[in-house]
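The chain contents come next:
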Amino acid sequence: QVQLVESGGGLVQAGGSLRLSCVSSGRFFTINRMGWYRQAPGKQRELVAVTNSGGGTNYADSVKGRFTISRDSAKNTLFLQMNRLKPEDTAVYYCNARTVYDDDNWGQGTQVTVSS
């Protein structure tokens, strides 16, 4: 099992920035891929950005050029730097860790609200 705890969400005006953090514990050494997902009210959870153990990254088209995913392996922490935020980025953001056994682990989520 991998435990994930997110932080860094909040209320920000359009055009502003936030940085989300996700600290992993437990069997973090089994993590193969980590990512951020989000879920807006009435919508399905969607991929925002992922990074694998080799350092490769992938982003949703809607956030390319504005969001950056990074990982500090020494601190078992995943980050999501979000710049030029838009009202449509408003959602609960979840940290995800997929292990080498294809198990998915989720954090409790952190709310991001962007006002226009």
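In case you missed it, the structure is sitting above this.
Below: a short report on this structure. (Residues numbered from 1 in each chain as written. Predicted model: local features only at pLDDT ≥ 70, side-chain atom pairs only at ≥ 80, totals over all residues. Heavy atoms only, no water.)

A look at the packing of aromatic side chains
The description of two aromatic rings rests on the distance between their centres and on the angle between their planes.
Phase 1 of the analysis: A full pass over the atoms with the stated rule returns one aromatic pair.
Phase 2 of the analysis: Between the aromatic rings of Y37 and W106, the centroid separation amounts to 5.1 Å while the plane-to-plane angle is 70°, which identifies the pairing as edge-to-face. Within this pair, whereas Y37 is found in strand 4 (residues 31-39), its partner W106 is found in strand 10 (residues 104-106), the two being separated by 69 residues in sequence.
Phase 3 of the analysis: The partly exposed category is assigned to W106, whose relative accessible area is 37%.
Phase 4 of the analysis: When the ring centre of W106 is taken as reference, the NZ or CZ atom of R45 above it lies at 4.6 Å. (Phe/Tyr/Trp six-rings, centres within 6.5 Å; stacked < 30°, edge-to-face > 60°. Helix = DSSP H or I, 4+ residues; strand = E, 2+ residues; numbered from the N terminus. Buried < 20%, exposed > 50% of the residue type's maximum accessible area, 1.4 Å probe, protein only. Lys NZ or Arg CZ within 6 Å of the ring centre and 35° of its normal.)

Notes on the pairing of strand 7 (residues 67-72)
Phase 1 of the analysis: When strand 7 meets strand 8 (residues 77-82), the two strands line up antiparallel, connected through six bridges. What sits directly across from F67, in strand 8, is M82.
Phase 2 of the analysis: Counting the residues that bridge the hairpin from strand 7 to strand 8 gives four residues, and of these N76 lies at a positive phi of roughly 50°. (Pairing = 2+ DSSP bridges.)

Some thoughts on the sheet that holds strand 7
Phase 1 of the analysis: Taken in spatial order, the four strands of this open sheet run 1-3-8-7, and their pairing is antiparallel. Whereas interior strands pair on both sides, the edge strands pair on one side only; in this sheet they are strand 1 (2-7) and strand 7. For this sheet the average axis-to-axis angle between neighbouring strands, irrespective of direction, equals 15°. (Axes fitted to C-alpha atoms, helices over the stretch in contact; angles between N-to-C directions.)

Observations regarding the nonpolar core
Phase 1 of the analysis: Counting 27 residues, the largest nonpolar core has M34, W36, V48, F67, L80, M82 and Y93 as the members making the most contacts within it.
Phase 2 of the analysis: When residues of this core are traced back to their parent elements, those giving at least two are strand 1, strand 3 (18-26), strand 4, strand 5 (46-52), strand 7, strand 8, strand 9 (91-99) and strand 11 (110-115).
Phase 3 of the analysis: The greatest single-element share of this core, amounting to four residues, is contributed by strand 9.
Phase 4 of the analysis: If near-sequence neighbours (up to four positions away) are discounted, Y93 is found in contact with E6, L20, W36, Y37, R38, V48, F67, L80, M82, G109, T110 and V112. (Core = buried A, V, L, I, M, F, W, Y, C linked by side-chain atoms within 4.5 Å. Contact = heavy atoms within 4.5 Å.)

Quick look at the state of the cysteines
Phase 1 of the analysis: Under the definition given, this model contains one disulfide.
Phase 2 of the analysis: Paired through a disulfide, C22 and C95 show a sulfur-sulfur distance of 2.1 Å. Taking the sign of the torsion about the S-S bond as the criterion, the disulfide between C22 and C95, at about -80°, is left-handed. One end of the pair, C22, is in strand 3; the other, C95, is in strand 9, and 73 residues separate them in sequence. In this structure, C22 and C95 share a single accessibility class: buried. (Disulfide = S-S within 2.5 Å.)

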